[in-house]
Amino acid sequence: MDEDVERILLDEQAIRERISELAAEIDRDYEGEAPLLVGVLKGAVMVVADLARAITLDVDMDWMAVSSYGSGTKSSGVVRILKDLSADITDRHVLIVEDIIDSGLTLSWLRTNLRSRGPKSVEICTLLRKPEAVKVDIDVKYVGFDIPNEFVIGYGLDYAEKYRNLPYVGILKPSVYAD
Ligand code: PRP
Ligand code: MN
Ligand code: MG
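These numbers come from a predicted model, not from an experiment. (Residues numbered from 1 in each chain as written. Chains lettered and ligands numbered in written order. Predicted model: local features only at pLDDT ≥ 70, side-chain atom pairs only at ≥ 80, totals over all residues.)

Novice: Summarise the site of ligand 1; cite the residues concerned and give the values.
Specialist: The full set close to ligand 1 counts 16 residues, and K42, G43, D102, S103 and T106 are the nearest of them. At 4 residues, strand β5 (residues 93-101) tops the list of elements feeding residues into the shell around ligand 1. (Near = placed C-beta within 6 Å. Helix = DSSP H or I, 4+ residues; strand = E, 2+ residues; numbered from the N terminus.)

Next comes the structure, spelled out in structure tokens:
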């Protein structure tokens, strides 16, 4: 275990099992279709890679990078596109894939943005969801785990761009970010 990790919240096996359950639901819900998985860079990279391999349907992958304006650790809800999709999503079934929903502001903006491009549907799949996100009125079809309000890292999730490559989701030691 990394020395900056307080404890492991979800180990590799727990993540793998839950992702295969989500993939089975997606296989069933989109039967006969070829949905487009839209991963939100950078955090969602691991989830997209593992989810796409667990899904048996034909899926395409595309990527967006967004950044919320404003300083501090909380997102402001005002979002800027750093990298847009390369695919035209007109008449496509779009499934946005995220690693975590915290305030929900990023996704709420992103879904509205993608809906305006004429897709057949836009749904959301997230591996993790924090308590605050439940309060925001955002309909999330696929949720891996509802987790406590802790600072989590690993499996795509960073603190200051670090720890994304840990194979598990862990809770960061407060001493690492508290000065
Ligand atoms: C994180 C996370 C989600 C978003 C959730 O991304 O990966 O995309 O914040 O926050 P919200 O629900 O409060 O909007 P971040 O902006 O840190 O970029 P990253 O994916 O490159 O780490
Ligand atoms: Mn992100
Ligand atoms: Mg981040």
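Novice: I'd like to hear about the sheet that holds β5, residue by residue, with values.
Specialist: Reading across from one edge, β4-β3-β2-β5-β6-β7 is the order of the 6 strands in this open sheet, with mixed pairing throughout. Two strands in the sheet have a free side with no partner beyond their single neighbour: β4 (79-83) and β7 (142-146). The mean inter-strand angle of the sheet, taken between neighbouring strand axes irrespective of direction, is 30 degrees. For strand β2 (residues 36-41) and strand β3 (residues 60-68), the ladder comprises 6 bridges, and the chain directions are parallel. By the bridge assignment, V38 is partnered in β3 with D62. (Pairing = 2+ DSSP bridges. Axes fitted to C-alpha atoms, helices over the stretch in contact; angles between N-to-C directions.)

Novice: Run through unusual backbone geometry, naming residues and quoting values.
Specialist: Following L41, the chain continues to K42 via a peptide bond in cis, the omega torsion being -5 degrees. Residue position: K42 is located in the loop between β2 and α2 (45-54). With a phi angle near 55 degrees, Y155 is a residue other than glycine that sits in the positive phi range. Structurally, Y155 can be placed in the loop between β8 (152-153) and β9 (169-172). Even without glycine at this site, E161 takes up a positive phi of about 70 degrees. Along the polypeptide, E161 turns up in the loop between β8 and β9.

Novice: Could you give an account of the packing of helix α1 (residues 12-29) against α2, with specific residues and numbers?
Specialist: The relative placement of two packed helices is expressed as an angle between their axes plus a distance between the axes. Contact geometry of α1 with α2 gives a least axis separation of 8 Å together with a crossing angle of 55 degrees. Classified by the angle their axes make, α1 and α2 are oblique. Judged by the sense of rotation from one axis to the other, the crossing of α1 with α2 is right-handed. Contacts between α1 and α2 involve I19, S20, L22 and A23 on the former and, on the latter, D50, L51 and A54. Here the residues of the contact of α1 with α2 sort into 5 nonpolar, 1 polar and 1 charged. (Parallel < 35°, antiparallel > 145°, perpendicular 65-115°, else oblique. Left-handed = near helix turned anticlockwise from the far one by under 90°. Contact = placed C-beta atoms within 7 Å. Nonpolar A, V, L, I, M, F, W, Y, C, P; charged D, E, K, R; others polar.)

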